[in-house]
Amino acid sequence: QDPGTLPVHRLDRETSGLLIFARNPEFHRKASEEFEHHRVRKVYLALAQGEPDFPSFQMRTLIEGAHAVTQVTVLERFVGA
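The structure presented is a predicted model; accordingly, all values stated were derived computationally and were not measured.

Caption draft 1: Just the overall build of the chain, in detail. Within the chain one finds 1 helix and 4 strands. Along the chain direction, N to C, the helices and strands of the chain fall in the order β-β-α-β-β. Across the 81 residues in the chain, those meeting the buried criterion constitute 9%. By sequence separation, contacts in the chain at least 24 residues apart represent 19% of the contacts at least 6 residues apart. Counting every atom, the chain has about 7,400 Å² of accessible surface; 56% of that belongs to carbon and sulfur.

This is the structure in structure tokens:
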């Protein structure tokens, strides 16, 4: 860790475990507040094997006692994949 950075948040600890760092105390405070008040929208792109039955769908789960909603949208289909 760079001595000039402050850890803000660990994204999706159970899956990717990505970390967000702030380079200054002001951004650290603002970013931490955004996560605390659930105002952060996370977007992921993925390739998947097989074809979902619907062009888009929503999954609702509980993660560590908190409700999590995942919106899945098929952006492109590849022939033979």
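Caption draft 2: Structural context of the nonpolar core. Counting 5 residues, the largest nonpolar core is built from Val 8, Leu 11, Ala 22, Ala 31 and Phe 35. Val 8 has contacts with Ile 20, Phe 21, Ala 22, His 28, Ala 31, Ser 32 and Phe 35, leaving out every residue within four places of it along the chain.

Caption draft 3: Local environment of the pattern of salt bridges. Taken as a whole, this structure holds 4 salt bridges when the rule is applied. We note a salt bridge from Glu 51 to Arg 77, for which the minimum N-O separation is 3.3 Å. Placement of Glu 51 in the loop between helix H1 (25–36) and strand E3 (56–63) and of Arg 77 in the segment after strand E4 (66–73) is noted, with a sequence separation of 26 residues between them. What emerges from the salt-bridge pattern is a single network uniting Glu 33, Glu 34 and Arg 39.

Rules behind the numbers
- Residues numbered from 1 in each chain as written.
- Predicted model: local features only at pLDDT ≥ 70, side-chain atom pairs only at ≥ 80, totals over all residues.
- Heavy atoms only, no water.
- Helix = DSSP H or I, 4+ residues; strand = E, 2+ residues; numbered from the N terminus.
- Buried < 20%, exposed > 50% of the residue type's maximum accessible area, 1.4 Å probe, protein only.
- Contact = heavy atoms within 4.5 Å.
- Areas by Shrake-Rupley, 256 points an atom, 1.4 Å probe, with all protein chains shown as cover.
- Core = buried A, V, L, I, M, F, W, Y, C linked by side-chain atoms within 4.5 Å.
- Salt bridge = Lys/Arg side-chain N within 4 Å of Asp/Glu carboxyl O.

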